[in-house]
Amino acid sequence: MDVAIEQSWKEMLHEEFQQPYFEQIVQFLKNERKAGKVIFPPGPLIFNAFQCTPFSAVKVVIIGQDPYHGAGQAHGLSFSVPEKTPPPPSLVNIFKELREDLDIPITTSGNLEQWAKQGVLLLNASLTVEANQANSHSQIGWHTFTDQVIKCISNHKDHVVFILWGKFAQNKEALIDAGKHKILKAAHPSPFSAFSGFFGCKHFSQANSWLRQIGEQPINWNLAPAIHEFQ
């Protein structure tokens, strides 16, 4: 199957695109759209994380569970929303931790493309979702695909930082070679769990410290210029 995905990823994952489960994902999405279901993100943005962060550029991986299921929110990057879309609560908490960790002002923009273009792969375990139905596509085969993405990075790259927030992401730890990669774990930034270990985790500064140690350019986590203090 010829999948519209960034070329380096197409080469690394070409065997996955030939698997029966991947054909089943494609057919499922086609059938859902024919049935009038609204699917997020829009088709051209399903592989946006890969488009923004080519395989060769990956330095950091932040694993999310599911695309946002509200209209206009999902654009193919975990935790991120398009420009002019209000940041959801988990993202607000991410910005709060950034402020405490690196003294970075909280911005009005929830678009994390600037991170992605520096080598932060913002990967959701499911790459699509039905409108207003959280986790609705968690059983259609996406987890098989994204687990292979994680394994591919672990096996074929060295010294990547994997950021695992919450139990769901931490279940992916078994796919990662801890002997050559940096694994950072904390509670999920959701308002339901952020005070149970996400706030104060300092993952952003820890990631940059690791990148400096191995001679890589650290990530500029600052999304300025627009500044707004969330309450």
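For the structure, check the block above.
Scope of this entry: the structure provided in the associated data block. (Residues numbered from 1 in each chain as written. Predicted model: local features only at pLDDT ≥ 70, side-chain atom pairs only at ≥ 80, totals over all residues. Heavy atoms only, no water.)

**Digging into the nonpolar core**
Core analysis: the biggest nonpolar cluster contains 73 residues, and Trp9, Phe47, Phe50, Trp142, Phe145 and Ile153 have the highest contact counts within it. Looking at this core element by element, the count peaks at six residues for helix H7 (residues 142–156). Other than its neighbours up to four places away in sequence, Phe145 contacts Leu13, Glu16, Phe17, Tyr21, Phe22, Phe47, Phe50 and Leu127. (Core = buried A, V, L, I, M, F, W, Y, C linked by side-chain atoms within 4.5 Å. Buried < 20%, exposed > 50% of the residue type's maximum accessible area, 1.4 Å probe, protein only. Helix = DSSP H or I, 4+ residues; strand = E, 2+ residues; numbered from the N terminus. Contact = heavy atoms within 4.5 Å.)

**Regarding the sheet that holds strand E6 (residues 182–186)**
Strand order in the open sheet formed by four strands is E3-E2-E5-E6, with parallel pairing between adjacent strands. Edge positions in the sheet fall to strand E3 (120–124) and E6, since each has one partner strand and no second. Averaged over all neighbouring strand pairs, the angle between strand axes comes to 20°, with direction disregarded. Here strand E2 (residues 60–64) pairs with E3 via five bridges, running parallel. (Pairing = 2+ DSSP bridges. Axes fitted to C-alpha atoms, helices over the stretch in contact; angles between N-to-C directions.)

**Notes on helix H9 (residues 203–213)**
Along an α-helix, residues three or four apart share an orientation, since each turn contains 3.6 residues. Inspection of H9 places His203, Phe204, Ala207, Asn208, Trp210 and Leu211 among the buried residues, and these make up the whole buried set. Burial along H9 is one-sided: seen end-on, the buried residues are contained in an arc of 160°. Away from its buried face by more than 90 degrees, H9 exposes Arg212 and Gln213. Gly215 sits one or two residues past H9 and shows a positive phi near 80°. (Arc of directions from axis to C-beta.)

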